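Residue-level structure breakdown
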Number of protein chains: 2
Amino acid sequence: MEAEFQPLFEPNGIAVIGASRTPGKVGHEVLKNLIDSGYNGYLCPVNPKAEDVLGLKAISSIKESNDNIDLMVVCIPAKFVPTVMEEAGEAGVRCAIIISAGFKEIGPEGAKAEKLLLETAKKADIRIVGPNCLGVISTGPISFNASFAESMPKPGNIAFISQSGALLTGIIDWSYQEDTGFSKIISVGNMADLEVTDFIEALRHDENTDVILVYMENVRDGEKFLNIARKACSEKPILIVKSGKSSEGAKAASSHTGALAGSDRAYDLAFQKVGAIRASSMEELFDLAKSFSMQSPPEGENTVIITNAGGPGILATDAVASNGLKLASLSESTQELRKFLPPAAGFHNPVDMLGTATSKEYSQTLEVCLRNESVHAALIILTPQAMTDTPKIAEKIAEIKKNYLKKPVIAAFIGGEKVEEGVEILQKAGIPCFPFPERGVKALAGLTKYAEFKHVSPEEDYPRFAVDKKAVKNLFSQVKEEDRVNLLVSEGIYALSAYGIEAPPTSLASDPEEAVDLSAAMGYPVVLKVASPEVLHKTDIGGVEIGLKNAEEVKKAFKRIIYKTRKRMPNARLYGCVIQKLVPTGREVIIGATKDPTFGPMIMFGAGGIFTEVMKDVSFRLAPISRNEANKMIFETKYYSILRGVRGEEPSDIPALIDTILKVSQLITDFKDEILEFDCNPAFVYPKGKGCQALDVKITIRK
Amino acid sequence: MEAEFQPLFEPNGIAVIGASRTPGKVGHEVLKNLIDSGYNGYLCPVNPKAEDVLGLKAISSIKESNDNIDLMVVCIPAKFVPTVMEEAGEAGVRCAIIISAGFKEIGPEGAKAEKLLLETAKKADIRIVGPNCLGVISTGPISFNASFAESMPKPGNIAFISQSGALLTGIIDWSYQEDTGFSKIISVGNMADLEVTDFIEALRHDENTDVILVYMENVRDGEKFLNIARKACSEKPILIVKSGKSSEGAKAASSHTGALAGSDRAYDLAFQKVGAIRASSMEELFDLAKSFSMQSPPEGENTVIITNAGGPGILATDAVASNGLKLASLSESTQELRKFLPPAAGFHNPVDMLGTATSKEYSQTLEVCLRNESVHAALIILTPQAMTDTPKIAEKIAEIKKNYLKKPVIAAFIGGEKVEEGVEILQKAGIPCFPFPERGVKALAGLTKYAEFKHVSPEEDYPRFAVDKKAVKNLFSQVKEEDRVNLLVSEGIYALSAYGIEAPPTSLASDPEEAVDLSAAMGYPVVLKVASPEVLHKTDIGGVEIGLKNAEEVKKAFKRIIYKTRKRMPNARLYGCVIQKLVPTGREVIIGATKDPTFGPMIMFGAGGIFTEVMKDVSFRLAPISRNEANKMIFETKYYSILRGVRGEEPSDIPALIDTILKVSQLITDFKDEILEFDCNPAFVYPKGKGCQALDVKITIRK
């Protein structure tokens, strides 16, 4: 456990501020829970009006405490909390769990109180859990229940961090029935000080925790989350249910926590980037938790299904495909299986041992399959038939599994009373068992996903190209000086060029004569585009003319464009026209970026033109990205099949496209505090070896 | 109950063929199960070697039976079954449940035996369940267990038809734990005679059944299923888990049942067409079953979420959005809720009553919400907090719900022991309760989907246009006479024209001179396309020339095309070239059709050109289709936004497109035994009022 969190998870002494003699009051329940949970450090009720509470000698103020108290649990009304913080700081308290409500969650008044609280705590050098939380529970190494949840969970290797306190009481109660144990339970409340990420970091160092579960509504500091969660994920799996997925959900979330939530897509990308696994429901979260707490991730995706009932075997096969796993090929093992299974059995994957399967057949089949090197994981299905000795089968499965520690085995025993004993035997032996095969397959898929993440290097390598960062910085300053936020195309192309992104020669001409000179210099034919910070959709107002072949055409076009723009947008500032050398048409793509309020720059790649808007054939990542990520972004679009070369057409220059995307990633990362919107649309990708060109780009910077 | 099934579900007397005195033998277990299940009709063991079995007088052959026996359960080896069928027919038996295995499922030998069995049964006028099945169980009106599943389920209003017998034993055992009751359980086995559809029809008439559940691997007669299931769905919900979804699953399915399965997409379309609800997993199947057995479908999609815990409320909100439901607007009720809920509560949807919520607050809130006319359904979430009186809350919910029969109420009580009693109270009162909110929302979504189906007229109206069917018939005969299966473009366009589908003038020219004459008659410019039944991809071999403006160009193009084709495909039969009048370009779409082996003609609509192949922006229906379905097909594609007119562009002629799709539907339905493949690609859709034109069409007919 990290030093900073030592007092929170391994306190020498705990004070309960507002400890009460009245049952039902939070200050009473918390103290009672601490006593009942067998906390054996120094426990000190603080109550100005009582000599003792629940048999413990009380002090009237935290000021009177001895030096042993490093953690306090605060259960008094909000308005009294700041004073207590000051006193506690002087008394040497290091951490406070503030259960008291009446802060940010009640509106602007409360938010002000919370700000004051945080300031006082910082001065007093006290770290805060909460306010408005359920508390903290630890089952080891030191066992205590510093919460008002009346039950203590069973000890286990799963830690649960929750942004909903009310959810925790239900989950603790439910976990008894499911025989699930927890190492720590942390209700984070309003996260005035410590947020989800801090606890992830703490649990990374916690020897009692193997799996970290999170119910999340938002992250406060996106960058911190990315750094810390990535490190944690490379050591322990992090499983997250994030609510506020839908816009409706997000609305509910922000009124609930009073927090400004980032868009859900950014969260998805963040989890993907750090290797955290997102569960789609509470049930899936706990199915995954159970599996991760009992089994190691597999070394591959090849799964074998072993069953005594055909139907459920096929359902599991469907689930294997829809969850991105693969059926292992058993061709090597078929001969061996034929030796002991009945001739009518199914010898391919799924292995259908038929309804007559004995414990010996189960164990032999499992052994043969796990021995097969191309098998990475197994799902064992059982339905209770007349001759099914379920407990014996469970014992045998557990026995075989012991010899294959790196190959996860998950079971689905379909039934009630008849399979109960078998299920218990399996789970005691560390083999998770589900009532239906689909849930078992989903759990295996989760394990596999984590294995894939660990397989890929957790420290991604973000390529840095030699660029002229200063040129872009100066450009942005200049634009700001002119009181603009939108760059002209010529300026945008200049910025891209400074980052090594190829583009046709592009210059600003303020009058027709300059346009002709510039055109002659770059060579005909050329394109003219109106240059105005106010005109965003140039084509719509007739502000673009293509394929101008000589001085005469350029002059006329210049005048026409200026005339049309003046007529349609009389108030637009007019800088003249941008001249661009006409280049051959390539495959049209878009490279864009926006800024997520939580996680910062987000890069987008997609098919250009109509595909972007209508087909929404795009993919996203959080920037900066690695070469591998750029590659995957392209691969994820359907347009990839066109870039690759469909129906004998020439393949496009994908390596050049990857470089272009990486350079954009570098640009938006370098200027993450400046660039708000970025749209390079279109860029042309030429056939292999011929590169990419950025034709147009819109950049909006911060005021 | 229909007359035909009377003996199966309400037998006057049952004979057990192969009734055995040896425990463990199927013939013993079946008889024992019949006795134990309290069957009070005439029960007759048949065993040539025993005077009595399990205390009942045995007869040595079914021939000796009296007229009371109308149902027999057959438990003897496969080879003896046909003889028994003959004898039973003479003895007046009407139905046979054949548990015996050794038929189609064991391979070609068994398939032969099954064929013989079926022939014998037909002659004897006996309907068969099975062979290779678990049997049939009924809990009412007549209660009996004619299976070798040792437990009898609790009585209930759910019927379960299963193509997997082994699955049933698990489900019966599991249902005790879940307190789920069944009216009938039917293991269909190999479906030699009676198939899933027959039982759906029977259960439609069964007064004890309100919900029909199916575990399906395949349907034998697609058309019969469509007709019967549609009728049944309009009376009772049919919930289906169909396995073999993935190609991997389908492989496993066909080796399991030996049946030729249709493609999974066709099943999806078939379920959609009849209004059956497809569950994505066993768990979802039973969640839906529980909900349908207890609650009525809602009158709309507006759902209210009532909770005492914020987090689960947001998770439910997310689930509402992702399952296609809507959050009801509570603006009308907010004032009223403010009267009794604490000021810090959430008054919008979800209604967060806070952790302090009492049974009175639960009941008042539910009452206020259900009274609101814009609310169609409710999800009630509970987590056990210190002051949560769960049983009382459950009672109150049940009380309020009684007054709102048309508004389904589903609960999610998160917890274990602390919520157990409440859950029991709710479920006894007919309110399904789930451990997590997401499952509750999914169940509500299922109820809503069924309500939508019932809302739409179950008898779809398939428009019939006045067409020249005979012309197409003659054309197909002629093509067949020439020993061809692929129609020339000119022939295809002729067929379309016969069905009132517009197309540019198109004719076959056998030499350059004829081509010139035809071109002159239709007017320049024209298009030339090679006419050969062997050339399917005309463009690829240079077999198409566009925009020919005069006689000279037509002559030259004709010769070039013939030359190129001869060179590239020397063995292709060459009919000359098809001349087509060049028409202006419109929005490119594709209208296609294939034939599913089970469900017949399947029609496809999609965006043409690159969109079809790369973006797979297409939608399917089983033909024939209604106007409403054609409309939905267009709407389901992303290309719809282009057809509708994006960014101020002119909208396309969607009514004309709908007519065109309907006419194709009529053509492929009229010739469903002839047309194997159909691709009208491209068709052009012109701006509103200007119609559609079919430019090219490939039709492949049966040999």
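Check the entry above for the structure.
Below you will find a few notes about this structure. What you see is a predicted model, and the numbers here were worked out from it, not measured in a lab.

Calculation notes
- Residues numbered from 1 in each chain as written.
- Chains lettered and ligands numbered in written order.
- Predicted model: local features only at pLDDT ≥ 70, side-chain atom pairs only at ≥ 80, totals over all residues.
- Contact = placed C-beta atoms within 7 Å.
- Helix = DSSP H or I, 4+ residues; strand = E, 2+ residues; numbered from the N terminus.
- Nonpolar A, V, L, I, M, F, W, Y, C, P; charged D, E, K, R; others polar.
- Buried ≥ 20, exposed ≤ 12 C-beta atoms within 10 Å, placed from the backbone.
- Arc of directions from axis to C-beta.
- Right-handed = clockwise from strand over helix to strand, strands pointing away.
- Pairing = 2+ DSSP bridges.
- Least-squares fit on C-alpha atoms with pLDDT ≥ 70 in both.

Opposite the 69 residues of chain B that make contact, chain A presents 69 residues. When residues of the side of chain B that touches chain A are assigned to their parent elements, the largest contribution, 11 residues, is made by helix α11 (residues 310-322) of chain B. Tallied by class, the residues present in the side of chain B that touches chain A amount to 30 nonpolar, 25 polar and 14 charged.

Note the cis peptide between A:N349 and A:P350, where omega equals 5°. By the secondary structure assignment, A:P350 is in the loop between α12 (331-340) and β17 (351-352). Cis rather than trans, the peptide bond between B:G130 and B:P131 has omega equal to 0°. For B:P131, the position within the fold is in the loop between β7 (127-129) and β8 (135-139). Backbone geometry places B:D125, a non-glycine residue, at a positive phi of 60°. Relative to the helices and strands, B:D125 resides in the loop between α4 (108-124) and β7. Using a count of 11 C-beta atoms within 10 Å as the deciding quantity, one classes B:D125 as exposed. Phi angles above zero are rare outside glycine, and B:D483 is one such case at about 60°.

Now for helix α3 (residues 81-90) of chain A. Residue and element names in this part refer to chain A. Residues of α3 that are buried: V81, V84, M85 and A88. The arc that holds every buried residue of α3, seen down its axis, measures 105°, which confines them to one face. Buried positions along α3 lie against β1 (13-17), β5 (71-74), β6 (95-98) and α4 (108-124). One or two residues past the end of α3 sits G92, with phi positive at roughly 90°.

Below, the discussion takes up the pairing of strand β19 (residues 409-413) of chain B. All names here are of chain B. Of all five residues in β19, five are buried, a share of seventy percent or more. In terms of handedness, the path from strand β18 (residues 377-382) via helix α14 (residues 390-401) over to β19 forms a crossover that is right-handed. As judged from the two bridges shared by β19 and strand β20 (residues 433-434), these two strands associate in the parallel manner. Counted as the bridge partner of A412 is F434 from β20. Taking the sense of rotation as the criterion, the β-α-β connection linking β19, helix α15 (residues 417-428) and β20 turns out right-handed.

All right, on to the relation of the copies chain B and chain A then. For the pair chain B and chain A, the relating rotation is 180°, the translation along its axis is 0.0 Å, and the fit reaches an RMSD of 0.1 Å. Accordingly, the operation relating the two chain copies is best matched by a two-fold axis. Measuring from the rotation axis to each C-alpha of chain B, the shortest distance belongs to B:M615, at 3.8 Å.

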